[in-house]
Amino acid sequence: MRRSFVFADTWVVDAPVDEVAAALVDLEHYPRWWPQVRAVAKLGPDTAWVRCRSTLPYTLDLVLDAVSRTPPVVEVAIGGDLDGYARFTLSGEPGRTRLDFAQEVSVGGLLALASYGGRWLLEWNHRRMMAGCRAGLAARLGELG
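Basis of the calculations
Residues numbered from 1 in each chain as written. Predicted model: local features only at pLDDT ≥ 70, side-chain atom pairs only at ≥ 80, totals over all residues. Heavy atoms only, no water. Phe/Tyr/Trp six-rings, centres within 6.5 Å; stacked < 30°, edge-to-face > 60°. Lys NZ or Arg CZ within 6 Å of the ring centre and 35° of its normal. Helix = DSSP H or I, 4+ residues; strand = E, 2+ residues; numbered from the N terminus. Polar contact = N/O pair within 3.5 Å; in protein donor to acceptor, adjacent residues only side chain to side chain.

Draft legend 1. Quick look at the packing of aromatic side chains. This model, assessed by the stated rule, comprises six aromatic pairs. Their ring planes at 10° and their centres at 6.0 Å tell us that Phe5 and Phe7 sit as a pair that is stacked. Counting every residue linked through ring pairs, the aromatic cluster contains Trp11, Phe88 and Phe101. Just above the ring of Tyr116 sits the side chain of Arg3; from NZ or CZ to the centre is 4.0 Å. The lysine or arginine in question, Arg119, covers the ring of Phe5, its NZ or CZ lying 4.1 Å from the ring centre.

Draft legend 2. Main features of unusual backbone geometry. The peptide bond linking Pro71 to Pro72 adopts the cis configuration, its omega dihedral lying at 20°. With respect to the secondary-structure elements, Pro72 resides in the loop between strand E4 (60–68) and strand E5 (73–80).

Draft legend 3. Quick look at the side chain of Glu75. In this fold, Glu75 is placed in strand E5. Within the structure, the side chain of Glu75 is placed 2.9 Å from the side chain of Arg87, a separation counted as a polar contact.

Any functional reading would require information that these geometric values do not contain.
Dropping the structure here:
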């Protein structure tokens, strides 16, 4: 049994595209600025193991494989507790970058079972996770600027 989720969001940060892309492809340093990313280990030149936990008491174990590291598209394939992809499309604006986020994943096991009665809760948890990304990324880029 598998259940699918599709997420999309857009936000703007006050930094140029190249700085935003550099922060997004530097997975090993995510725990420094993205509170919900608890641990990252590099498994190879394009692969990393990531543990993340948002508000719900459930930690995801993920394997991320780089699909694109070059703007305008920064994308990873996701394996482990989730299967699918996450993609940021970056657009330059004067002194800023627009990030269009898209993610499509499927879940199995307990997460799939939980989604039948609590899909709204899993979606809320994801929004909390991405709010942490948004705030942390803006703070990280502010430190660089």
